[in-house]
Amino acid sequence: MADTRATNGGQDAIGVVGAGTMGSGIAVVALRAGFPTWVCETDAENLDAGIGRIRAFLDGSVRRGKITAAERDEMLTRLHGTTVLEDLASCRYVIEAVYEDVEVKRALFRRLHAVAAPDALFLTNTSTLSVTSIAASTGHEERVVGMHFCNPAPLMALVEISPGLRTSPAALEEAQALAGRLGKTYVVTHDTPGFILNYFLIPFENDCIRALEEGLASVEDIDRAVKLGLGYPMGTFELLDTVGLDVHYAVSMRLYEQLHDPRFAPPPLVRRMIDANRLGRKTGHGFYRYEKGRVFGA
Ligand SMILES: NC(=O)c1ccc[n+]([C@@H]2O[C@H](COP(=O)([O-])OP(=O)(O)OC[C@H]3O[C@@H](n4cnc5c(N)ncnc54)[C@H](O)[C@@H]3O)[C@@H](O)[C@H]2O)c1
């Protein structure tokens, strides 16, 4: 494998593990910030899909005049795809965006410990799991930091940076510096369930769903109130349809299991919508109906 530090003018390389929704977006962020970027997936099919998402985003950026075709082409010369974790050995930073499962993430960091340089920094994009638990018994607990990107990663300005209980002050500082180099503003949070964003957002979303269940107002009127009265860029139900009801259910349950606060428990309507395959945009029907990019009423 080529040593990216040697072949890219000594510039630090970033490895992104998992090229799904978040990993492919994070890779775009790394490419735009000038980093040689490695993307690692489980198999060729998932890797192709992830690389396809990255290319599609960059192509869209060219179409919208955000970058030139030459800039896109230059970024693609810095993009390397692999299904072999060892190819990330030369990466100064490794950002994991694999499934939200503590055992999967921990096993990954254990394997990375065996291949990565001693000065490598390990970032986890977990939304709901404990950074301390993910880092536990991986061999480099002091080098693991939470770096929670918002979806879509290339468009959202903020990351939450969360040190685990065993994260070293130096690793935290390096994560903060990395966020700056990636063009992100950061907030630092303790390693607590949901950090800041989901600690506020999930109960709020569940309150909106409960308000709908109780007949307080229609989907459209709650969204209108949230957008025009509270100044949010998207209505709660628009956002839930974009995230996916299945994802919302899983996130709510994980936070509820940790916090035992009933406001985090997904309301019954969420389960019923999942059973009806009304998952949101991805199935064409959630709180709204979607057809060829157009939105219809609830
Ligand atoms: N989707 C969101 O809105 C969002 C927002 C912020 C954070 N997150 C967090 O980001 C992480 C990823 O979420 P996602 O929505 O991108 O999931 P996703 O299912 O879209 O993608 C996960 C990818 O990881 C790959 N993968 C799994 N195990 C792997 C391994 N060992 N090595 C390499 N690749 C592996 C899978 O093949 C899949 O492509 C989760 O921890 C999630 O909580 C998600």
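Use the structure listed above.
What counts, and at which threshold
Residues numbered from 1 in each chain as written. Predicted model: local features only at pLDDT ≥ 70, side-chain atom pairs only at ≥ 80, totals over all residues. Heavy atoms only, no water. Helix = DSSP H or I, 4+ residues; strand = E, 2+ residues; numbered from the N terminus. Rg over C-alpha atoms; globule rule 2.2 N^0.38 Å. Buried < 20%, exposed > 50% of the residue type's maximum accessible area, 1.4 Å probe, protein only. Contact = heavy atoms within 4.5 Å. Areas by Shrake-Rupley, 256 points an atom, 1.4 Å probe, with all protein chains shown as cover. Lys, Arg positive; Asp, Glu negative; His and termini not counted. Charge placed at Lys NZ, Arg CZ, Asp CG, Glu CD. Axes fitted to C-alpha atoms, helices over the stretch in contact; angles between N-to-C directions. Parallel < 35°, antiparallel > 145°, perpendicular 65-115°, else oblique. Left-handed = near helix turned anticlockwise from the far one by under 90°. Nonpolar A, V, L, I, M, F, W, Y, C, P; charged D, E, K, R; others polar. Salt bridge = Lys/Arg side-chain N within 4 Å of Asp/Glu carboxyl O. Pairing = 2+ DSSP bridges.

Engineer: I would appreciate a short explanation of the overall build of the protein chain in the present structure.
Structural biologist: Counting its secondary structure elements, the protein chain contains twelve helices and ten strands. In summary, the protein chain has a C-alpha radius of gyration of 20 Å against a globular reference of 19 Å for 298 residues, a match within 12%. Along the three orthogonal principal directions, the C-alpha set of the protein chain runs to about 60 × 45 × 35 Å. Within the span of the protein chain, comprising 298 residues, buried residues form 49% of the whole. In the protein chain, the share of contacts with a sequence separation of at least 24, taken over all contacts with a separation of at least 6, comes to 67%. With an accessible surface of roughly 13,800 Å², the protein chain has 55% of that area assigned to carbon and sulfur atoms. For the protein chain, the separation between the mean place of its 31 positive charges and that of its 37 negative charges on side chains is 5 Å.

Engineer: Would you explain the packing of helix H2 (residues 21-32) against helix H3 (residues 44-63) in this entry?
Structural biologist: Any two packed helices are characterised by how steeply their axes cross, that is the angle between the axes, and by the distance between the axes. As a packed pair, H2 and H3 sit with axes 9 Å apart at the nearest point and diverge in direction by 50°. As summarised for this structure, H2 and H3 are arranged oblique, according to the angle between their axes. The chirality of how H2 crosses H3 is right-handed. On the side of H2, the interface is formed by Thr21, Ser24, Ala27, Val28, Leu31 and Arg32, while H3 contributes Gly50, Arg53, Ile54, Phe57 and Leu58. Residues of the contact of H2 with H3, tallied by class, amount to six nonpolar, three polar and two charged.

Engineer: What am I meant to see in the pattern of salt bridges here?
Structural biologist: Note on pairing: side chains with opposite charge can pair once their charged atoms come close. Scanning all chains against the criterion turns up 16 salt bridges. Between Arg143 and Glu174 there is a salt bridge, with its nearest N and O atoms 2.9 Å apart. Here Arg143, found in the loop between helix H6 (131-135) and strand E6 (144-149), pairs with Glu174, found in helix H7 (residues 169-181); they are 31 residues apart in sequence, far enough to count as distant. Glu174 carries the same exposure label as Arg143, and that label is buried. Here Asp207 makes a salt bridge to Arg263, at a shortest N to O gap of 2.5 Å. Within this pair, whereas Asp207 is found in helix H8 (residues 197-213), its partner Arg263 is found in the loop between helix H11 (245-259) and helix H12 (268-275), the two being separated by 56 residues in sequence. Three or more residues are tied together by salt bridges with common partners; here these are Asp59, Arg72 and Asp73.

Engineer: How should I be thinking about the sheet that holds E6 in this particular structure?
Structural biologist: By definition, the strands of a sheet pair up through backbone hydrogen bonds, in either a parallel or an antiparallel sense. Strand order in the open sheet made by the eight strands is E3-E2-E1-E4-E5-E6-E7-E8, with mixed pairing throughout. Every other strand in the sheet has two partners, leaving strand E3 (79-82) and strand E8 (185-188) as the edge strands with one partner each. In this sheet, neighbouring strand axes are inclined to one another by 25° on average, regardless of whether the strands run parallel or antiparallel. Here E6 pairs with strand E7 (residues 158-163) via five bridges, running antiparallel. Across the sheet, residue Gly146 finds its bridge partner in E7, namely Ser162. Seen against the sheet, helix H5 (residues 102-115) touches strand E1 (14-17), strand E4 (93-96) and strand E5 (121-124) and runs at an angle of roughly 170° to E5.

Engineer: Quick question: what am I supposed to make of the environment of Glu103 here?
Structural biologist: Its location among the elements puts Glu103 in helix H5. What makes Glu103 partly exposed here is its relative accessible area of 46%. C-alpha of Glu103 to C-alpha of Gly60: the two residues are 43 residues apart in sequence and 36 Å apart in space.

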